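Analysis of the macromolecular model
Here's the letter readout for the chains.
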Amino acid sequence: MTVTAPPPTPVAPAKDAPARKRRPATGAPATRTLISAVDLDRHRVAYLVVLGLTLVVFCLVFLFPLYWMASSALKSPQEFAQNPPTLVPHTVHPGTYATAWDSMRIGRYFLNTVSYAFGGWLVQLTVDVAAAYALSKLRPMFGRVVLGAMLASLMLPAAALLVPAYLTVTDVPLLHVNLLNTPWALWLPAAANAFSIYVLKRFFDQIPDDLLDAAAIDGAGRLRVLWSVVLPLSRPVLGVVSIFAIIGTWKDFLWPLLVLQDPDSQTLSVALSRLAGTSQVPPTQFLAGLVIASVPMILIFLIFQRSIIGGLSAGSLKG
């Protein structure tokens, strides 16, 4: 006779037993923050007050100068000269921007700056990609020494390099060519950017060598591997380097002031600084020119801010 044992009776957990923390259904680890969720629940009012004050301070520090510049350009010269100044314009004159565009020849200087930024981006990207690819994948002799020397140049103040760079531009070694008042005076000194080379090299280091070896087995040369394998995988970091190159050329002032002495070849920032010293330009028109010069870079940052953050944090491949 066979006796069947009864099924085991499930034991209910004790009521006073601490509940186990369960991870999300996706299996992702819990996010660690500086302040725990329990502390946030206990001091939520203080947290909201501190957060609100922080946002207000940041808005005042970063956004108020932009508002002051844009609103002052809309005032009349008499209202702009009032003391104390008015925060909100009593009378709005939007035609100041059109007058500044025509009288200060902002369109000409704007096109100059666009051409310098585009050319500087192309030259800098070509040189930096080639240097980073050579240091990362070709591994030349004394490559670490060259990379260390590039990174050491970042420790030097920019003002210490002005005189050597200026002497080099006025008389290029071996060629003996004067590059003043030419776009190459801006493009060549900015071509070898140590920070861009370092960022590109770190990204190239994460690309598996197996992909490059497979392309080499198929008959691809070094340049073909760079163009068909490395560059398509490096679009995020290339976008970041491109944005930094364009913004750096657009907002640079001291170096273009030294090498672009011809008024017709000057950038927008240098031309506005030169025109500000003349009595023919009212202060409201000068502020309108500053607003026009600031708008493109603000738009680029607002549009590509996710690409900037994502490209700097990209360092691995998902396969």
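So, here's what we can say about the structure. (Residues numbered from 1 in each chain as written. Predicted model: local features only at pLDDT ≥ 70, side-chain atom pairs only at ≥ 80, totals over all residues. Heavy atoms only, no water.)

1. Regarding the overall build of the chain
Helix and strand counts for the chain come out as 15 helices and 0 strands. Within the chain, residue pairs in contact and separated by at least 24 positions form 71% of the contacts whose partners lie at least 6 positions apart. Of the roughly 21600 Å² that the chain leaves accessible, carbon and sulfur atoms contribute 68%. (Helix = DSSP H or I, 4+ residues; strand = E, 2+ residues; numbered from the N terminus. Contact = heavy atoms within 4.5 Å. Areas by Shrake-Rupley, 256 points an atom, 1.4 Å probe, with all protein chains shown as cover.)

2. Some points on the side chain of Q266
Along the chain, Q266 falls in the loop between α13 (254–259) and α14 (268–276). Look at Q266 and you get buried, because its relative accessible area is 6%. A polar contact is formed between the side chain of Q266 and the backbone oxygen of L260, at a distance of 3.4 Å. Every residue in contact with Q266, bar those within four places of it in the chain, is listed here: Y109, N112, L260, Q261, A271 and R274. (Buried < 20%, exposed > 50% of the residue type's maximum accessible area, 1.4 Å probe, protein only. Polar contact = N/O pair within 3.5 Å; in protein donor to acceptor, adjacent residues only side chain to side chain.)

3. Quick word on the packing of helix α11 (residues 222–233) against helix α12 (residues 235–251)
Running from N to C, α11 and α12 point in directions that differ by 75 degrees, and their axes come no closer than 5 Å. When the axis of α11 is compared with that of α12, the two are roughly perpendicular. Only R235, P236 and L238 of α12 make contact with α11, whose side of the interface consists of L231, P232 and L233. (Axes fitted to C-alpha atoms, helices over the stretch in contact; angles between N-to-C directions. Parallel < 35°, antiparallel > 145°, perpendicular 65-115°, else oblique.)

4. A look at helix α5 (residues 106–138)
In a regular helix each residue adds 1.5 Å, so 33 residues correspond to 48 Å; α5 covers 46 Å between its end C-alpha atoms and thus fits that length. Of the residues trailing α5, R139 is marked for its positive phi of about 50 degrees. (Expected span 1.5 Å × (residues − 1).)

Purely geometric stuff here, so don't read any function into it on its own.
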